[in-house]
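Single-letter residue listing:
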Amino acid sequence: MIARIIRRLILGLFTILAVYAVTFLLVISIPGNPLQQSERSLPREVEQALRARYDMDNNWRYFTQFLTGAIQLDFGPSFTYNDWTCTQIVASALPVSLLLGTLAMLLAVGIGVPLGALSAAYRYGWLDSIVTTIVLLIVSLPTFVVGSVFLLLFAVKWNWCPIGGWGSLSHLPLPALTLSLPFLAAIIRLTRASMLDVFGSDYIRTAVAKGLRPSTVIWKHAMKPAFLPVLSYLGPATAQALTGSFVVEKVFGVPGLGQHFVNAALNRDAGLVLGTTLVFSTILVTLNLLVDVWYAWLDPRIAGAV
């Protein structure tokens, strides 16, 4: 088991390097560069000096420079934010995205799994109908619409929460709830479908025939195998939530990593793009490995595949 985990770690490092290299190729393939922005027109001599300073005319040296920076966690100065280095921007925004994403996923799992299980247990009943309707509404409404409605109701009309911003616990509930909703809907659907499949198993019918209470059958016997598809979904979903959502951050004024990534891409800020990409890919690879290990613990039959 340990040897397989070490092998997966090595493969994960190569995966991160491949993502980093492909991102660099995409960055240098985009027409223009941060020195050519219309609001920052530079004299030709100054632009040439800056290009020579950062080896922007030699793609290989440019890449090795960023590769060395990735190892040292130093991606150079940002061309988007004056007087900031890319490392400082990532370091300041990452804790915000991690906190927001963690709370969002806790809400999604803590609410979605029980609702999905109860919806399956009372299939075609009134509870199942309510849960299914809620899921359809969540899936149908864009995140920016839901966030705007939450702001109008809870911040403007009822004054329960501040109107955007960041810095206190009162700023957390609305963006965390908004960010959690798409994941919540997916987890409810996965849990419901998986529970219905498990309910048809022989050992569940045996447990029911023995006269066990429905709650014992659901939570003790059916939940563990039914949770496996949800666990597979949690890896990439948690990575997506932890790295933040550009839309949610824009609506609520959250200084997270998502908006920095989008702004860096729009402004062709290579250092910041590569820095945020390194963070995204590292979190994704790490969480997928943790999910696989947890999967093997829940289902020992696949432990050899980890």
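Structure shown above.
Reference entry: report on the structure contained in this document. (Residues numbered from 1 in each chain as written. Predicted model: local features only at pLDDT ≥ 70, side-chain atom pairs only at ≥ 80, totals over all residues. Heavy atoms only, no water.)

It is worth spelling out the packing of helix 4 (residues 86-121) against helix 7 (residues 173-199) at this point. For the pair helix 4 and helix 7, the least separation of the axes is 6 Å and the interaxial angle reads 35 degrees. Here the hand of the crossing between helix 4 and helix 7 comes out right-handed. Among the residues making up the contact of helix 4 with helix 7, the classes are represented as 24 nonpolar, 6 polar and 1 charged. (Axes fitted to C-alpha atoms, helices over the stretch in contact; angles between N-to-C directions. Helix = DSSP H or I, 4+ residues; strand = E, 2+ residues; numbered from the N terminus. Left-handed = near helix turned anticlockwise from the far one by under 90°. Nonpolar A, V, L, I, M, F, W, Y, C, P; charged D, E, K, R; others polar.)

What follows concerns the packing of aromatic side chains. Applying the stated criterion across every chain yields a total of 5 aromatic pairs. Look at F150 and F154: their rings are 5.7 Å apart centre to centre, the planes differ by 70 degrees, and that puts the pair in the edge-to-face class. With F150 and F154 both in helix 6 (residues 143-157) and 4 residues apart, the pair spans about one turn of that helix. Taking relative accessible area as the criterion, F154 reaches 22% and is therefore assigned partly exposed. One aromatic cluster in this structure is built from F150, F154, W158 and W160. (Phe/Tyr/Trp six-rings, centres within 6.5 Å; stacked < 30°, edge-to-face > 60°. Buried < 20%, exposed > 50% of the residue type's maximum accessible area, 1.4 Å probe, protein only.)

For the structure on display, the rule yields 1 cavity of 30 Å³ or more. Estimated volume of the largest cavity: approximately 50 Å³. Taken together, C161, P162, G164, G165, S170, H171, L172, P173, L174, P175, F252 and V254 make up the full set of residues lining the largest cavity. Its residues assigned to classes, the lining of the largest cavity shows 8 nonpolar, 4 polar and no charged. (1 Å grid on protein atoms, 1.4 Å probe; cavity = no way out; pocket = protein on both sides within 12 Å on 5 of 7 lines; lining within 4 Å. Points joined across faces, edges and corners; volume = space filled by probe spheres on them.)

A few words now on the environment of L231. Positionally, L231 belongs in helix 9 (residues 214-242). Residue class for L231 comes out buried when judged on its relative accessible area of 0%. When the C-alpha positions of L231 and W294 are compared, they lie 8.3 Å apart, and in sequence the two are 63 residues distant.

We now examine the layout of surface pockets. Remark: the empty space left among the atoms is shown by a probe the size of a water molecule rolled over them. Its volume calculated, the largest pocket comes out at about 350 Å³. Taken together, 19 residues line the largest pocket, and the ones lying closest to its centre are I16, A70, L73, L278 and T282. Residue composition of the lining of the largest pocket, by class: 16 nonpolar, 3 polar and no charged. Taken together, 13 residues form the lining of the second largest pocket, with M105, L234, T238, L287 and W294 sitting closest to its centre. Of all elements in the fold, only helix 4, helix 9 and helix 12 (270-298) reach the threshold of two or more residues within the lining of the second largest pocket. With 5 residues, the top contributor of residues to the lining of the second largest pocket is helix 9.

Here we take up the nonpolar core. Formed by 46 residues in total, the largest nonpolar core has its most connected members in F183, M195, F227 and L234. Every element with two or more residues in this core is listed here: helix 4, helix 5 (126-140), helix 6, helix 7, helix 8 (202-209), helix 9, helix 10 (246-252) and helix 12. It is helix 9 that contributes the most residues to this core, 12 residues altogether. Setting aside its immediate chain neighbours within four residues, L234 contacts M105, V109, I187 and F227. (Core = buried A, V, L, I, M, F, W, Y, C linked by side-chain atoms within 4.5 Å. Contact = heavy atoms within 4.5 Å.)

A few words now on unusual backbone geometry. Excluding glycine, most residues fall at negative phi; most peptide bonds, likewise, are trans. Residue Y124 is not a glycine yet carries a positive backbone phi of 70 degrees. By the secondary structure assignment, Y124 is in the loop between helix 4 and helix 5. Even without glycine at this site, N159 takes up a positive phi of about 55 degrees. For N159, the position within the fold is in the loop between helix 6 and helix 7.

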